[in-house]
Amino acid sequence: MDLGLTGRLVVLAGAPDAARDALGELLAEEGAVVVTSALAEAAQCPVVEQGAVDAVVVVLPPAPPDAIDVVTEVSTLVTAWQPVVDTAALYRAVVPGMASRGRGRLLAVLPTAVKAAGASGGDLDTAVGLGVLGMHKVVAAEHGARGVTINAVLRGGLATDADVADAVSWFVSAHSGYVTGCAVSVDGGAQPSVF
Amino acid sequence: MDLGLSGRVAVVSGSSRGIGLATALALGAEGCRVVVVARSADGVAQAAERVRATGAEVHPVVADMTVEADVGRVVRSATERFGRVDIAISNVIGHVIDAAVEGAGPAAGRFAGMPATEYGAEFSQLAVSAWLLARETVPLMRRARWGRLVNVGSGVAREPKTDIPHVLPNTVRPVVAGLMRTLAARLAPDGVTCNSVLTGGIATERNTAYFTWLAAERDLPVAEVLAGFTADVPVRRMGEPAEIASLITFLCSARAGRVTGQSIPVDGGVNRHL
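Procedures and definitions
- Residues numbered from 1 in each chain as written.
- Chains lettered and ligands numbered in written order.
- Predicted model: local features only at pLDDT ≥ 70, side-chain atom pairs only at ≥ 80, totals over all residues.
- Helix = DSSP H or I, 4+ residues; strand = E, 2+ residues; numbered from the N terminus.
- Expected span 1.5 Å × (residues − 1).
- Buried ≥ 20, exposed ≤ 12 C-beta atoms within 10 Å, placed from the backbone.
- Arc of directions from axis to C-beta.
- Contact = placed C-beta atoms within 7 Å.
- Pairing = 2+ DSSP bridges.
- Axes fitted to C-alpha atoms, helices over the stretch in contact; angles between N-to-C directions.
- Right-handed = clockwise from strand over helix to strand, strands pointing away.
- Core = buried A, V, L, I, M, F, W, Y, C linked by C-beta atoms within 7 Å.
- Nonpolar A, V, L, I, M, F, W, Y, C, P; charged D, E, K, R; others polar.

**Quick look at helix H2 (residues 41-52) of chain B**
Residues and elements named next belong to chain B. Over its twelve residues, H2 runs 16 Å from end to end, which matches the ideal 16 Å to within 8%, given 1.5 Å per residue. Along H2, the residues classified as buried are Val 44, Ala 47, Ala 48 and Val 51. End-on, the buried residues of H2 take up no more than an arc of 105°, which puts them together on one face. Facing away from the buried side of H2, by more than 90 degrees, are the exposed residues Asp 42 and Glu 49. Looking at the buried positions of H2, the neighbouring elements they touch are helix H1 (18-29), strand E2 (33-38) and strand E3 (58-62).

**Regarding the sheet that holds strand E7 (residues 263-266) of chain B**
Residue and element names in this part refer to chain B. Ordered by their spatial adjacency, seven strands build an open sheet running E3-E2-E1-E4-E5-E6-E7, and the pairing between neighbours is parallel. Because the sheet does not close on itself, it has two edges, and the strands there are E3 and E7. Pairs of neighbouring strands in the sheet enclose a mean axial angle of 15°, with direction left out of account. Alignment of strand E1 (residues 9-12) against E2, held across four bridges, turns out to be parallel. Following the sheet pairing, Val 12 is matched in E2 by Val 36.

**Things to note about the pairing of strand E6 (residues 182-186) of chain A**
Strand residues, when the strand is regular, have side chains that alternate between the two faces of the sheet. Residues and elements named next belong to chain A. Pairing geometry for strand E5 (residues 148-155) and E6, over five bridges, is parallel. Directly across from Arg 155, in E6, lies its bridge partner Val 186. A crossover connection joins E5 to the parallel E6 through helix H6 (residues 161-171); in handedness this β-α-β unit is left-handed.

**What to know about the nonpolar core**
Among the nonpolar cores identified, the biggest contains 150 residues, and B:Val11 and B:Ala127 are the most heavily contacted of them. Those residues in contact with B:Val11 that sit more than four places away from it in its chain are B:Val35, B:Val37, B:Val74, B:Val75, B:Ala78, B:Val85, B:Ile87, B:Ala88, B:Ile89 and B:Thr137.

**So, the interface of chain A and chain B**
If you look at the interface, chain A gives 30 residues, while chain B gives 33 residues. Contributing elements (two or more residues each) for the side of chain A that touches chain B: helix H4 (74-101) and helix H5 (123-143) of chain A. Considering every element that reaches the side of chain A that touches chain B, the biggest residue donor is H5(A), with 14 residues. Here the side of chain A that touches chain B is built from residues that sort into 20 nonpolar, five polar and five charged.

Here you go:
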């Protein structure tokens, strides 16, 4: 399947790890021009400032793993939340360019703990990830009419980096234009709830 | 129905008016000893009088429940006065970026125009404050092997409202519901339940102020904006603060010990999720 990614500029934001590498390699194989960045600096990337970004993929870092009832410091919560602030800054920086061209793809990779508390992630992953999905719904509503879609891939179960990269590549492809505001689990069926 | 609340000690944040006051009154009427907390000294004094009129013992405290030191002070003074805290209601409104523009809030704005730093401010306002009240009260509840945490949340936690400029609550309200859900899982073995009530379209002073603001924003009469809103509510009317307070009171009761980790809308049927 041709994903329609040839020549598309994709900013891949997240920690420099095997998951990010797998995403970058697959997107590049599909013809995309991939620029990687740490999440905190991504909004200030030169390509972002030039306004030519076609797609953004954010791999949210894991929140501190503490159970919520043993967290004692406000700073633990604030630290866990900071990647969402950075993600908002990055989305906001790229959306005007995407909207003006009538096409854009935003995607976040989160743990499935977002949909099932305690599954594949910590308590703070659940809380923080829900904020990302709430924000996604707003971006979907505000910018859907101008061809900008925004979705999340929820990683869980025994999903490999390749499993995640496969799903992400479809969501950033030219084929996913009618899917927005959505969160899809890639977890081998581990999520216990129906919805 | 006897709810088994006689003698329980309840800290109710934001209880000088609206949903918080209705909750303090309802818990007082069921025999709780009530810690009335709000930022305004006059508001606290007046609310305390009304709650006393239910026959309840009342401990009034002036505090800002988004301030870490204040939350600790409230819980310490409640413990000094009553010897325990059994029930903690977190009830804090979203932050206001510019009162001159937004009136009573919540912070208004669309994603496209919202500076990223405001997401941090809203997180501190709504999520950190709810967690702080839990941090201060949970050790007392665990020791007693009984406790009730309820957050006064918003329907946007489950179904973000995108027809109004509401990006900050849409982003952070789900976070608060998630925090409450994970707390529920951790505290259940100790007899402490933790739930969220998701409000929608409740006729409070603040909500009226919000609709007045929204009408000005849209250059429409307030009545027209309100009519448009209620037309989308299956029960075709705004809710009353007492209707929220009633569910909170049930969730706090002895009868609701097996209800935990839930996010329950009281919104006239607005929320469309399954």
